Amino acid sequence: MLRVFLSLLWSGSALGLPGTKIYKVKTHILDIAKQRYSCRSYDSRPVEEEKLSLVLEAGRVAPSAVNFQPWHFYVIRGEKELGSFHAAYHREWFRTAPCVIVICGDHSKAWTRKADGKDLCDVDVAITTDHMTLQATELGLATCWVCNFDPLLTRDLLGLPADMEPVVILPLGYPLGEVDPLRHDVKRKPLSEIVSYIGK
């Protein structure tokens, strides 16, 4: 198991926060990955600004093809604003999240592979989203990766330009209930099914 030792010095001014905070994390990244789950029940208490900023910062530092960073994050909070946005994804549990992040990809800024014309925008958005879900988990928050939403309505609600695509809706908040971190033993394919070794 890969052990990761992180000593993170966050500048308060860089994150828009007062003062300077030091966060020291000594943990297994695999443990955090196993603790992450698709949460569909949230506590009503708001997400602290400091924690929200850390989640967004984790997304900001994510790698992308040619480092083009073709993403934009829309943070939706407030009863009125969330109430209007719920129309984009009709699920009762979705209404319990006190914060929603819409991760969008800008196709005009994404790298395209010359060999076959593949647009890597979705791949880049997936990477930054995963960074945010793991950081949220480490902070005791929960998320749920939502793609089954109305993209046209979402585009209208956010007033997105033509090249900007809403790819992921990420509810964020404190979870109600817990999840078994050992569930991956039965809910994930074994390595023997997904890994092929070529050479030694």
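Residues numbered from 1 in each chain as written. Predicted model: local features only at pLDDT ≥ 70, side-chain atom pairs only at ≥ 80, totals over all residues. Heavy atoms only, no water.

K.L.:
Break down unusual backbone geometry for me, with residues and values.
P.N.:
We note that V66 has phi near 60°; this positive angle belongs to a residue other than glycine. In this structure, V66 sits in the loop between α2 (49-60) and β3 (71-76). (Helix = DSSP H or I, 4+ residues; strand = E, 2+ residues; numbered from the N terminus.)

K.L.:
Go over the packing of aromatic side chains, please, and point to the residues and values.
P.N.:
Think of a pair of aromatic rings as described by two things: how far the centres are apart, and how the planes are tilted against each other in angle. Evaluation of the coordinates by the stated rule reveals 3 aromatic pairs. Considering the side-chain rings of W93 and F94, the 6.0 Å spacing of their centres and the 80° angle between planes classify their relative orientation as edge-to-face. In this structure F94 comes out as buried when scored by relative accessible area, which is 0%. Chaining the aromatic ring pairs together yields one cluster made of Y89, W93 and F94. (Phe/Tyr/Trp six-rings, centres within 6.5 Å; stacked < 30°, edge-to-face > 60°. Buried < 20%, exposed > 50% of the residue type's maximum accessible area, 1.4 Å probe, protein only.)

K.L.:
Got a sec to walk through the sheet that holds β3? Specific residues and values, please.
P.N.:
Judged by pairing direction, the sheet is antiparallel, and its 4 strands sit side by side in the order β3-β4-β6-β5 without closing on themselves. What marks the edges here is a single partner per strand, and that holds for β3 and β5 (142-143). Two strands pair when backbone bridges link them, and β3 and strand β4 (residues 99-106) are joined in this way by 6 bridges, in the antiparallel orientation. Within β4, the position partnered with H72 by the bridge is C104. Sheet contacts for helix α5 (residues 151-158): β3, β4 and β6 (164-173); angle to β6, the most-contacted strand, approximately 85°. (Pairing = 2+ DSSP bridges. Contact = heavy atoms within 4.5 Å. Axes fitted to C-alpha atoms, helices over the stretch in contact; angles between N-to-C directions.)

K.L.:
Describe the confidence of the model for the chain, naming the residues involved and giving the relevant values.
P.N.:
Confidence in the prediction for the chain averages 89 pLDDT; 86% of positions are at 70 or higher. Here residues 1-20 is modelled with pLDDT under 50, and outside its nearest four sequence neighbours on either side it reaches 37 contacts, counting other chains as well. (pLDDT = per-residue confidence, 0-100.)

K.L.:
How would you summarise the side chain of D106 if you had to cite specific residues and measurements?
P.N.:
Within the fold, D106 resides in strand β4. Lacking a salt bridge, the buried D106 has K109 as its closest oppositely charged neighbour, with an N-O distance of 4.0 Å. For D106, the side chain forms a polar contact with the side chain of S108, separated by 2.5 Å. In contact with D106, not counting residues within four places along its chain, are P70, C121, D163 and M164. (Lys, Arg positive; Asp, Glu negative; His and termini not counted. Salt bridge = Lys/Arg side-chain N within 4 Å of Asp/Glu carboxyl O. Polar contact = N/O pair within 3.5 Å; in protein donor to acceptor, adjacent residues only side chain to side chain.)

K.L.:
Could you give an account of the pattern of salt bridges, with specific residues and numbers?
P.N.:
On inspection of all chains with the given rule, the structure shows 5 salt bridges. For E49, the salt bridge identified is with R77, shortest N-O distance 2.5 Å. Taken together, the residues span a long stretch of sequence, with E49 in helix α2 and R77 in the loop between β3 and α3 (79-85) at a distance of 28 residues. When its relative accessible area of 45% is taken as the criterion, E49 is described as partly exposed. With relative accessibility at 35%, the residue R77 sits in the partly exposed group. Across the pair R95 and E92 runs a salt bridge, and its minimum N-O distance is 3.9 Å. Taking relative accessible area as the criterion, E92 reaches 64% and is therefore assigned exposed.

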